[in-house]
Amino acid sequence: MPSVAEQLSKVVEKTERLIELCAALQEENDLLKLESEALNVALKASTNKTKDLEEKLRVLKLAKSFSETNEKSVDIKQKINDFVQEIDKCIVLLKK
């Protein structure tokens, strides 16, 4: 049977190991907290960039729809002008 001194020595050693383990775990916890904060900042930045890109996409789609409308308007105006010229030619021919 171990003596009281030996038992006390073992308790002290185990306590020291537990203290070292606790310190290591605390350090790891601090590092994980820093990593978590960094990831949260990166997530916010990505979310903001996504929102900006979605807004730009919406604006581009809107601009494209106006562009297509303008192209159609130009085509329609050109066709109307062509018809008017043809009608004018027909009127000139009829007056002869």
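If you're wondering where the values come from, they're calculated on a predicted model, not measured in any experiment. (Residues numbered from 1 in each chain as written. Predicted model: local features only at pLDDT ≥ 70, side-chain atom pairs only at ≥ 80, totals over all residues. Heavy atoms only, no water.)

## What to know about the overall build of the chain
Test applied: The helix and strand labels rest on DSSP assignments: H or I over at least four residues marks a helix, E over at least two residues marks a strand, and numbering proceeds from the N terminus. For the radius of gyration, the atoms used are the C-alpha atoms, and the globule rule reads 2.2 Å times the number of residues raised to 0.38. Residue burial is assigned from relative accessible area. The probe radius is 1.4 Å, only protein chains are included, and a residue is buried under 20% of its type maximum, exposed over 50%, and partly exposed in between. Here, Shrake-Rupley sampling with a 1.4 Å probe gives the accessible areas, and only protein chains in the shown set may cover a residue. Only four residue types enter the charge count, namely Lys and Arg as positive and Asp and Glu as negative; His and the chain termini do not. Just so you know, the charge point we use is NZ for Lys, CZ for Arg, CG for Asp and CD for Glu.
Along the chain, the regular secondary structure elements total one helix and zero strands. In terms of overall dimensions, the chain is more spread out than a globule: its C-alpha atoms have a radius of gyration of 41 Å, far above the 12 Å expected for 96 residues. The principal-axis extents of the C-alpha atoms in the chain amount to approximately 135 × 20 × 10 Å. Counting across all 96 residues of the chain, residues that qualify as buried make up 0%. Total accessible area on the chain stands at roughly 9,300 Å², and carbon and sulfur atoms take up 63% of it. Across the chain, the 17 positively charged side chains and the 18 negatively charged ones have centroids separated by 14 Å.

## Some words on the UniProt feature "coiled-coil region" (unreviewed entry) in the chain
Selection rule: UniProt positions are given in the numbering used here, feature names are shortened, and annotations may be inferred rather than shown by experiment.
Listed under "coiled-coil region" (unreviewed entry) in the UniProt record, and renumbered for this structure, are residues 15-63. Between the C-alpha atoms that bound residues 15-63 there is a distance of 71 Å. The span itself is 100% helix and 0% strand.

## A closer look at a nonpolar patch on the surface
Test applied: Residues enter a patch when their relative accessible area is above 30% and they make no salt bridge; the linking distance is 9 Å between like charges and 5 Å between nonpolar side chains (Val, Leu, Ile, Met, Phe, Trp, Tyr). Here, a salt bridge means any Lys or Arg side-chain nitrogen found within 4 Å of an Asp or Glu carboxyl oxygen.
Nonpolar side chains collect at one region of the surface, where L8, V11 and V12 lie side by side and expose about 260 Å² of accessible area between them. Mapped onto the elements, V11 comes out in helix α1 (residues 4-95).

## Overview of the environment of A5
With respect to the secondary-structure elements, A5 resides in helix α1. Considered as a pair, A5 and L62 are 57 residues apart in the sequence and their alpha carbons are 84 Å apart.

## As for the environment of V74
Here V74 is to be found in helix α1. Since its relative accessible area comes to 52%, V74 is described here as exposed. Separated by 22 residues in sequence, V74 and K96 place their C-alpha atoms 33 Å apart.

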